[in-house]
Structure formats: structure tokens, C-alpha cells
Amino acid sequence: MEQITACRVCRSPDIVSFFDLGRQPLANSLLPRPDEPEVFYPLSLRWCSSCRLVQLDHTADPKELFSSYVWVTGTSNTAQEYARRFQAELARRCPERDGYVLEIASNDGTFLAPFRDAGYRVLGVDPAQNIVRMAVSNGIPSVCAFWGNETAESIRKDHGPAHIIFARNVLPHVANTHEFVNGLKTCLRDDGILAIEVHYSKIILEELHYDSIYHEHLCYFTLRSLERLLNGYGFLVFDITTSPISGGSIVVYASKGERSEEPVVQEYRDRENRSGTNERKSWETFAEQSFRHREELLEMLRDCRQHGTVIGYGASARSSTLLNFCGIDHTMLPMIADRNPLKYKKYTAGTHILIENPDVAMKLNPHYVLILAWNFASEIMDFLEKQYGYNGHYIIPFPNQPLLRNSGQPFLSLRA
Ligand SMILES: [Zn+2]
């Protein structure tokens, strides 16, 4: 793992450390056995005083991180529903169907399927071999490769430039930020449009999503830092929509040529300026609040364990940071339920908690379910109550303060 010496976007050496989450294992490196040897790496954030990008201090080897990535987009209902909305929003801004739609980090093809169904030609690129095989068997043509100049050149040579390119939740995860965006430039038609989705740093800051900090998540973009990066490659941001993914994301639409900028873009810029989203002080406060949140959550968990069994739900990458940062391990949480079969019978990195099918986990008759995948809380609560008649309590760690609630209560926050 390498430590950075300059900003990942603007290359300024003036990058200030403000939040150290300690040494942590790679979030997705689930263990086949709890006694498997593990490596722990530094996890800490810096803020760039020039472009204001918040970013990880260290970069892990991408081959180690992504080649057998276990996250499958299609396992979540929220993702399926959002995929259709995403397609409609993008198609509205680019209705022509004469070219093809290219998705970078296309995973199992969940987000390309609605384009194919609407009559677009589609192509996916993803580095995880097992997941590319799933996409291809679902009828989504996909290339197994890391995105960069070489892949961009080869796709342009074989297929010509794309008329729509989209990259959802991948740009913040790549170490070669500049090569990634340059590849997009190479592969997009001059009249095409680009859509980039990122977990929005303004929401991370305001709702205290410190669990979204993990080794794969290298850059924490605001509109300001993302726009600076895109402008450097001749892309102009002309529109923004919101996305429910990750607990609050934005989709930024950009073009190579001039298009009239929607008023919403300036509204985002103004809101970031007014609320200090890009300021060092705000992020230092975020770090202090995260340490306080840890104490509150641990206290709540200690209380609950005195009254009955607690299990976790959702062994996501984010849950790994929360568990490791708070020191919640197998002695406090006997099991985590997850609906992704690729994770069954594995153990969480660093904290060694067994992951099981919900059918198995619910046999423990939990009194409390700690919803680690809290951004899917309403979907999870609904599932547990309908499928298992669960009538116990929930611990919902985010947004903001940890919250204890009973089953059967309406849940109002619908962000996923
Ligand atoms: Zn910078």
C-alpha cells in the first residue's frame, strides 16, 4: 500500500490529514475461516487545500481489491428499481439510439439491462471475471478489463466511440483518476454524454457516513472537486440528479461540447459554498463527531446485549469499516445475515463474524437486529417482518446518531 504525496485530482502537495480510522483489513476480503492470516492497512483521510478534495491517504493494489469482488448489484431490489429510473433520466437527456451505451464497471449488467430492453445497443466493462461471466449469461455483452487508456483505445477500435458512457460509483474507487477520465474522453463521441455517479460528499459530511470510508473508496467528491477534474479533460457539467444509492449520491451529466447548463448546477455550487462543504473545519468536525458516534453506538449495543441476542444484517464493505472502527467483533455479534450467497459461511475481515443466509441467522431468535446495511433499512425491515414475522427491535447506526426502533413502525427515510 502506497502513501500519497500529492492530491489525487489537482496534484497539490498541500494535503492535510484530519481523520485517522486506524489500521483496518480490506473491507471485502472476507475470510473462509476465522483464523486465516490477515493484513491490516492504514485508513485515514486528507483534505486538499487547493481543490478541496477529501481523499484517502493510502492506495491499495487494485488487483488485490477488485479481481473477485463479491458485491453483485442485482441482489438488491432498490438497485433494480433505481436502474430503471437511471435509464429513464439518461435517455431523456440523450434520446438518440444510433450509437451504443457503454458502462464502466458494469458489474452483473443490472444497469445496462434497461437500456437493452429499451432498444439501445449496450456494452459493459468490468474487472471481476466471475461477475462478467454472470453479466454475459444474462445477455449483457461485457469485456473483462480494468478501465484505463489501453481498454479505452481497444474498445474505440473495436466498436467506435460510444454515444452514452456512464460510470456509477467507480470513479471514487480508482487510483489512476486521471487515466480513468482520459479514457472516458477517448471513448465518448463528440456529441455524446457522460454520466458519473458518486456518493455525494456533502451528504457524507452532513449525515456522518464515516462507514463509507474504506480502502476501495479513494476520493470523496463534492461537485466542486468533481467538476474540477472533469473540466481538466474538456468535459462540461450541464445537469445533476440525485440517486438513492449509498445513502445519498449524485449523478453528474457532462458533455464535450457546449450544452446549456441547467440551473440546478449553479444551485449545487451555491449550496456547497454556503454550507462549508469544501472547508477544512467542516471535515475536522466530521472526524470529532465520528468518534462520538462510536461511543454512542457501543453504549447502545452494550445495553441491547443485556436484554437479548443481537445479530447484524448486511455484510457490506461499509459494515466492515463500522465494525472495525468501533471494535464490534464476533464476541459482541454472533452472526450477520446477508442475502448474497457468495458471502455465506465466510467471516468478516478483522472482526471474524460469521455471515449466513437470513434463514439461518433468524433461527437465533434475535431480539435486536443491527442494520449494518442501513442505507437499505426500509427494504431489510420489510423483508424480515414479512418473511420471518420478525417483531423485535432494530438498531440503525446512521444517518447521524444511532437509532433504536421497534418493528412495525413506519420508516420514513427512503434513501438507499
Ligand atoms: Zn487537490
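J.: Help me understand the overall build of the protein chain in this model?
T.: Secondary structure summary: the protein chain contains 13 helices and 19 strands in total. Compactness check: the protein chain gives a C-alpha radius of gyration of 21 Å against a globular reference of 22 Å for 416 residues, within 12% of the reference. For the protein chain, the spread of C-alpha atoms along the three principal axes comes to 60 × 45 × 45 Å. When the 416 residues of the protein chain are sorted by exposure, 47% land in the buried category. Restricting the contact set of the protein chain to residue pairs at least 6 apart, pairs at least 24 apart contribute 71%.

J.: Is there a simple way to explain the pairing of strand β19 (residues 403-406) in this structure?
T.: Looking along a regular strand, one sees side chains alternate from face to face of the sheet. Inspection of the sheet shows strand β18 (residues 393-396) paired to β19 by 4 bridges, in the antiparallel sense. Counted as the bridge partner of I396 is L403 from β19. Counting the residues in the hairpin turn of β18 and β19 gives 6 residues, including N400, whose phi is positive at 60°.

J.: How should I be thinking about the domain arrangement of the protein chain in this particular structure?
T.: Taken domain by domain, the protein chain holds domain 1 (73-281) and domain 2 (298-406). Between the C-alpha centres of domain 1 and domain 2 there is a distance of 30 Å. Taken together, the contact pairs 14 residues of domain 1 with 13 residues of domain 2. Among the residues forming the side of domain 1 that touches domain 2, the class breakdown is 3 nonpolar, 8 polar and 3 charged.

J.: What am I meant to see in the confidence of the model for the protein chain here?
T.: With 94% of its residues at a pLDDT of 70 or more, the protein chain has an overall mean of 93. Contacts of residues 412-416 to residues separated by more than four positions or lying in other chains number 11 contacts, the stretch itself having pLDDT below 50.

J.: Any chance you could explain the environment of D108 here in plain terms?
T.: Turning to its location among the elements, D108 is positioned in the loop between β6 (100-104) and α3 (113-117). The exposure class assigned to D108 is buried, which follows from the 27 C-beta atoms found within 10 Å. Spatially, the C-alpha atoms of D108 and S316 are 17 Å apart, while their sequence positions differ by 208 residues.

J.: Before we go on, may I ask you to explain the packing of helix α5 (residues 149-159) against helix α6 (residues 177-187) in this structure?
T.: For the pair α5 and α6, interaxial distance at closest approach is 8 Å and the crossing angle is 10°. Relative to α6, α5 is oriented roughly parallel. Contacts between α5 and α6 involve N149, T151, A152, E153, I155 and R156 from the first element and E179, N182, G183, T186 and C187 from the second. Looking at the contact of α5 with α6 residue by residue, the classes come out as 3 nonpolar, 5 polar and 3 charged.

J.: Explain helix α4 (residues 129-137) to me, please; I cannot follow it from the model alone.
T.: Because an α-helix packs 3.6 residues into every turn, residues spaced three or four apart end up facing the same way. Looking only at α4, the buried set comprises I131, V132 and A135. For α4, the angular spread of buried residues about the axis comes to 105°, placing them on one side. Pointing more than 90 degrees away from the buried face of α4 are the exposed residues Q129 and S137. Among the residues trailing α4, G139 stands out with phi positive, at a value near 85°.

J.: Looking at this model, I keep getting lost on α6. Mind explaining?
T.: The set of residues buried in α6 consists of F180, V181, G183, L184 and C187. All buried residues of α6 fall inside an arc of 150° around its axis, so they share one side.

J.: Help me understand the nonpolar core in this model?
T.: Considering soluble globular proteins, one finds that nonpolar side chains tend to be buried as a cluster. With 121 residues, the main nonpolar core has I165, Y313, I336 and I371 as its most contacted residues. Broken down by element, the residue count for this core peaks at 6 residues, all from strand β10 (residues 188-199). Mapping this core onto the domain boundaries places at least three of its residues in each of domain 1 (73-281) and domain 2 (298-406). Look past the residues within four positions of I165 in its chain and what remains in contact with it is L102, I104, L184, C187, L188, G192 and L194.

J.: Explanation requested: unusual backbone geometry in the structure shown.
T.: Only a minority of non-glycine residues have a phi that is not negative, and only a minority of peptide bonds are not trans. Note that the residue after F398, namely P399, is joined by a cis bond; omega there is 0°. Along the chain, P399 turns up in the loop between β18 and β19. Its identity is not glycine, yet A105 carries a phi of approximately 60°, on the positive side. Mapped onto the secondary structure, A105 falls in the loop between β6 and α3.

Rules and cut-offs
- Residues numbered from 1 in each chain as written.
- Predicted model: local features only at pLDDT ≥ 70, side-chain atom pairs only at ≥ 80, totals over all residues.
- Helix = DSSP H or I, 4+ residues; strand = E, 2+ residues; numbered from the N terminus.
- Rg over C-alpha atoms; globule rule 2.2 N^0.38 Å.
- Buried ≥ 20, exposed ≤ 12 C-beta atoms within 10 Å, placed from the backbone.
- Contact = placed C-beta atoms within 7 Å.
- Pairing = 2+ DSSP bridges.
- Domains from an automatic or database assignment.
- Nonpolar A, V, L, I, M, F, W, Y, C, P; charged D, E, K, R; others polar.
- pLDDT = per-residue confidence, 0-100.
- Axes fitted to C-alpha atoms, helices over the stretch in contact; angles between N-to-C directions.
- Parallel < 35°, antiparallel > 145°, perpendicular 65-115°, else oblique.
- Arc of directions from axis to C-beta.
- Core = buried A, V, L, I, M, F, W, Y, C linked by C-beta atoms within 7 Å.

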